[in-house]
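Analysis of the macromolecular model
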Amino acid sequence: MTRSELIQKIFEGQKQLPYSDVAAAIKTMIEHMVQELVAGNRIEIRGFGSFCLHYRAPRLARNPKTGETAAMPAKYSPHFKPGKELRERVNSIT
């Protein structure tokens, strides 16, 4: 599901809200989540999951085509961990 598909689904379920308001709300929510992760904070949405940052240490990588080694700098990577309720609902469909 893309952002525009999410906006459309919410808009269809909430006919009293104009499309532009739904789009603005989703955009604002995502922007606030990004700002919290950039600040190093953890985001927890009960019943859905949590977002946090994982630290990746600097390392030496190898180009598989040329065999050259390259130094990869340290970085943070966003990580999503699904909540118990989400895991159970997803596993119940199999």
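Residues numbered from 1 in each chain as written. Predicted model: local features only at pLDDT ≥ 70, side-chain atom pairs only at ≥ 80, totals over all residues. Heavy atoms only, no water.

Quick word on the overall build of the chain
Assigned secondary structure in the chain consists of three helices and five strands. Ordered by position from N to C terminus, the α and β elements of the chain give α-α-β-β-β-β-β-α. Relative to the globule expectation of 12 Å for 94 residues, the C-alpha radius of gyration of the chain, 19 Å, shows a markedly less compact shape. Judged by the C-alpha coordinates and their principal axes, the chain covers about 60 × 35 × 30 Å. For the chain, with 94 residues in total, the buried portion stands at 12%. In the chain, of all internal contacts separated by at least 6 residues, the share reaching a separation of at least 24 is 28%. Here the chain contributes 15 positive and 9 negative side-chain charges, whose respective centroids are spaced 8 Å apart. (Helix = DSSP H or I, 4+ residues; strand = E, 2+ residues; numbered from the N terminus. Rg over C-alpha atoms; globule rule 2.2 N^0.38 Å. Buried < 20%, exposed > 50% of the residue type's maximum accessible area, 1.4 Å probe, protein only. Contact = heavy atoms within 4.5 Å. Lys, Arg positive; Asp, Glu negative; His and termini not counted. Charge placed at Lys NZ, Arg CZ, Asp CG, Glu CD.)

Side note on the sheet that holds strand E2 (residues 49-56)
What the three strands build is an open sheet, ordered E1-E2-E5; its pairing is antiparallel. Both outer strands of the open sheet, strand E1 (43-45) and strand E5 (75-82), are each paired with one neighbouring strand and no more. Neighbour-to-neighbour, the strand axes of this sheet turn through a mean angle of 25°, independent of strand direction. Pairing between E1 and E2: three bridges, direction antiparallel. For glutamate 44, the partnering residue across the bridge sits in E2 and is serine 50. (Pairing = 2+ DSSP bridges. Axes fitted to C-alpha atoms, helices over the stretch in contact; angles between N-to-C directions.)

Some remarks on the pattern of salt bridges
Counted according to the given criterion, the structure contains two salt bridges. Glutamate 44 is paired through a salt bridge with arginine 46; the nearest N and O atoms lie 2.9 Å apart. The partly exposed category is assigned to glutamate 44, whose relative accessible area is 43%. Classification of arginine 46 by relative accessible area gives exposed; the value is 73%. (Salt bridge = Lys/Arg side-chain N within 4 Å of Asp/Glu carboxyl O.)

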